[in-house]
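Spelled out from the first residue to the last, the chains are:
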Amino acid sequence: MQRNTFPFNLIIAAAFMKSTRALLAFVFVAFAMCFCAAQNILPPDLQCVKKDAANNNVTLEWTNIANPCGPFVSYTIYYSTSLSGPYNQLAVITTAAQTSYVHTGGASLGQTLYYYIVPDFNCPGFTPLNSDTVSTDPPLPPQIVNVTVVNGQSVINWIPSTSPQTHGYVIYYYLPSNQTAIALDTVFGGSSNTYTDLVGDPTIEPLEYTISAFDSCWTFSSFVTKYHNTIWTTANSVACKNEISVAWNSYINWPQGVKEYQIWSSVNGAPYQQVGSVDTTNLVYSYTTGFSDGDSVCVYVRAVSAADTNITSSSNVTCLIATVVKTPDYNFITNATVNLQNQIEFTWMIDSTAALIYQRIDRSVNNNSYTPINQFATTPPVYEFNTYIDSSGAVLPQKNPYYYQVTLFDSCQNLYPSPFVKTICLKGELYDYYLADMKWNDFELEHATLLRQRLYRNSGAGYQVIQTLNIGVNEYADTLKQFLNDKDGIFCYRIEQEYDLNLPNGYRDTLSSWSNELCIVHRPIIYIPNAFAPYGKNNIFKPTIIYGNPKAYTLQIYNRWGGLVFTSNDPETGWDGTDHGKPADMGGYAYLIQFTAEDGVKVERKGMVLLVK
């Protein structure tokens, strides 16, 4: 909820100050003509009196009022330390255009001072009227009458401040937690008595308000500490009890409190009728008559003042659809499979006509102890088929199979769990060179009949079926010798089990469940020749690396005295039998081969190679 700050409103106030005073002057001229007709001399409008603590002066400001009955003579200023007097003459103003006066040292008297001005115009037979008596005290705060909600907006009503210098009001949001106020807006006019909040939203929470008064010198009263708040009403249909339950917060700070709370209801757009009332010891009310299943019901609460029953506060209007519980006829899981992102995706079907509040998804690793992993409201539109992807980082489908259930809750808190489903977990390892050994469990789901299973392998060109197996076979060894030229050495597998699903509600389908992806990295295989002939058929010395995909590769050749003869960082570049550009001598040479394999293993080979001619 956005709340304006007070300095922003003061800027607005300053921008309109001149135009506001001009309007007031015009109004006073009109009144002056009337008063002159009544044989009265109108006083100036004494607007504010303010102390200056720095120099102990008091400054008076006023607006002159035209008196067409005769020429201006003077204004006489009087002051007193008591509202009831006696008053002493302070000054005589003989300049008609003067609109302020400084009472030098007036603040040093250390108490409240009261001032008024008497006009003198050359109007024989006319009676001069005194101005309002204005004090150095801030204006008195107004009295809040009520805060109520009208058409979804908060309306604050108050009795205006009794201080004649009151120029306007500041509306605040009140924060009960720390007893502070945040300025919301400024209302000009001492007689103003109502304000509509266009910012706060009383339909989502109760809002607290207070108010202060200010004069034209921007001297502020304290804000009203006994704040008033809106009533926030919520309502729900308790289907299993065939009732509508209404709840609200207290209305506070009426002088004599709340007499009663009235509950008003409208059904399908009909006029509102009072359906009940409670005293202040209750903030909830339930009723069971006047509505039927599927009716649109709107409700609000009205607080009635104990001091004056004509003073009330209405809450927001909350609307709902009256419901009666319909229990679900079925709740079945239809599939659970592991996708290529290593997430478990499963689907289920529910009776979408049932009166459900929410659905909960439970997970287990042993089919005994289930942990809720997600819960969500069942709100319209309700779908018969639903999908959920368990992407939690704590789920490791390659480590073990997982069990899932879906539990439905109706408005009476009745639970309707589905049968469980069990995923396929494929495990394996490189049993020996060129042999990947794999094991897995069967997919399990009530009302499902397993038909067949297929084993897929991806050696870099996408998944291909390598074997179709009968149900009940849960182990397979895959030979990799055919991939001797594949230097990556990464082999990934998945199991697919196909099944018929025949549910008691008549649903039939043939579906598949997939296992997790199992990837086996073959350990490097290195072939190193023990001799080569630079001028023969095998004229380059280099290793042949299978399943290595070497990283940070180096090949170094040393002579019998330990001198470095050759080095290479490219697995495809071998030694051609030269030593610094010249043919090397026959004999044995030491080699050192180092690299990092695909699986991160550091590989190092040392030995001797014979150079022959």
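What you see is a predicted model, and the numbers here were worked out from it, not measured in a lab.

Considerations on the state of the cysteines
Using the criterion set out here, one finds 4 disulfides in the structure. Here Cys 48 pairs with Cys 217 through a disulfide, and the sulfurs are 1.4 Å apart. Remark: Cys 217 occurs in the loop between β15 (208-215) and β16 (228-229) and Cys 48 occurs in strand β2 (residues 45-52); sequence separation between them is 169 residues. Cys 217 matches Cys 48 in its accessibility class, with the two residues each being buried.

Points about the side chain of Gln 453
If you trace the backbone, Gln 453 turns up in strand β36 (residues 448-458). Within the structure, Gln 453 has its side chain in polar contact with the backbone oxygen of Asn 470 (distance 2.7 Å).

Focus: the sheet that holds β16
The strand order across the open sheet built from 4 strands is β13-β12-β15-β16, with neighbouring strands paired in antiparallel fashion. Looking along the sheet, the strands with just one partner apiece sit at the ends: β13 (180-188) and β16. Relative to β16, β15 is paired through 2 bridges, and the arrangement is antiparallel. By the bridge assignment for β16, Tyr 209 is matched with His 228.

Topic: the pattern of salt bridges
Applying the stated criterion to the full structure yields 10 salt bridges. Arg 452 is paired through a salt bridge with Glu 498; the nearest N and O atoms lie 2.9 Å apart. Here Arg 452, found in strand β36, pairs with Glu 498, found in strand β39 (residues 490-502); they are 46 residues apart in sequence, far enough to count as distant. Residue class for Arg 452 comes out partly exposed when judged on its relative accessible area of 33%. The buried category is assigned to Glu 498, whose relative accessible area is 16%.

Thoughts on the environment of Ile 252
Secondary-structure assignment places Ile 252 in the loop between β18 (243-248) and β19 (258-267). When its relative accessible area of 28% is taken as the criterion, Ile 252 is described as partly exposed. C-alpha separation for the pair Ile 252 and His 228, spaced 24 residues apart in sequence, amounts to 6.1 Å. If we skip the residues at most four places from it in the chain, Ile 252 touches Tyr 227, His 228 and Asn 229.

Here's the deal with the nonpolar core
One finds Phe 346, Trp 348, Tyr 404, Leu 480, Tyr 493 and Tyr 547 to be the most contacted residues of the largest nonpolar core, which totals 46 residues. Looking at this core, the elements with two or more residues in it are β25 (331-338), β26 (344-350), β27 (356-364), β30 (403-410), β33 (426-432), β34 (435-440), β39 and β41 (518-521).

Considering the sheet that holds strand β11 (residues 153-159)
In space, the 3 strands of this open sheet follow the order β10-β11-β14, with antiparallel pairing throughout. In this open sheet, the two edge strands, each paired with only one partner strand, are β10 (143-150) and β14 (194-197). Pairwise comparison of adjacent strand axes, ignoring direction, gives a mean angle of 20° for this sheet.

Details of unusual backbone geometry
Peptide bonds are, in most cases, trans, and in most cases residues other than glycine have a negative phi. For the bond running from Gly 85 to Pro 86, omega is 5°, close enough to zero to count as cis. Following Pro 380, the chain continues to Pro 381 via a peptide bond in cis, the omega torsion being -5°. Looking at the element boundaries, Pro 381 is found in the loop between β28 (371-377) and β29 (385-390). Here the phi dihedral of Ala 552 falls at roughly 55°; this positive angle occurs in a residue that is not glycine.

Some words on the pairing of strand β45 (residues 551-558)
Looking at chain direction, β45 and strand β49 (residues 587-596) are connected through 6 bridges and run antiparallel. Bridging from a neighbouring strand, Leu 555 pairs with Ile 593 of β49. What sits between the antiparallel neighbours β45 and strand β46 (residues 564-568) is a turn of 5 residues, in which Gly 562 has the positive phi angle 85°.

The rules behind each value
Counting of residues starts from 1 at the beginning of each chain's written sequence and follows it residue by residue. Note on the predicted model: pLDDT of at least 70 is required for a residue's local features to be given, and 80 or more for side-chain atom pairs to be given and counted; whole-chain, interface and lining totals, by contrast, use all residues. No hydrogens and no water enter the side-chain calculation; it runs on all heavy atoms of the structure. Cysteine sulfur atoms that come within 2.5 Å of each other are treated as a disulfide pair. Numbering goes from the N terminus for both helices and strands, where a helix is a DSSP run of H or I of at least four residues and a strand is a run of E of at least two. Relative accessibility thresholds used throughout: buried, under 20% of the residue-type maximum; exposed, over 50%; partly exposed, between the two (1.4 Å probe, protein chains only). As used in this structure description, the phrase polar contact means that two N or O atoms lie within 3.5 Å; if the pair is within protein, one of them must be able to donate a hydrogen and the other to accept it, and residues adjacent in sequence are counted only when both atoms belong to side chains. Here the rule is simple: two strands pair whenever DSSP picks up at least two bridges between them. We define a salt bridge as a side-chain nitrogen of Lys or Arg found within 4 Å of a carboxyl oxygen belonging to Asp or Glu. The contact definition used throughout considers only heavy atoms, calling two residues in contact when any of these lie within 4.5 Å. Note on terminology: a nonpolar core comprises buried Ala, Val, Leu, Ile, Met, Phe, Trp, Tyr and Cys residues joined through side-chain atoms within 4.5 Å. In this analysis, axes come from line fits to C-alpha atoms, helices being fitted only over the stretch in contact, and the angle between any two N-to-C directions falls in the range 0 to 180 degrees.

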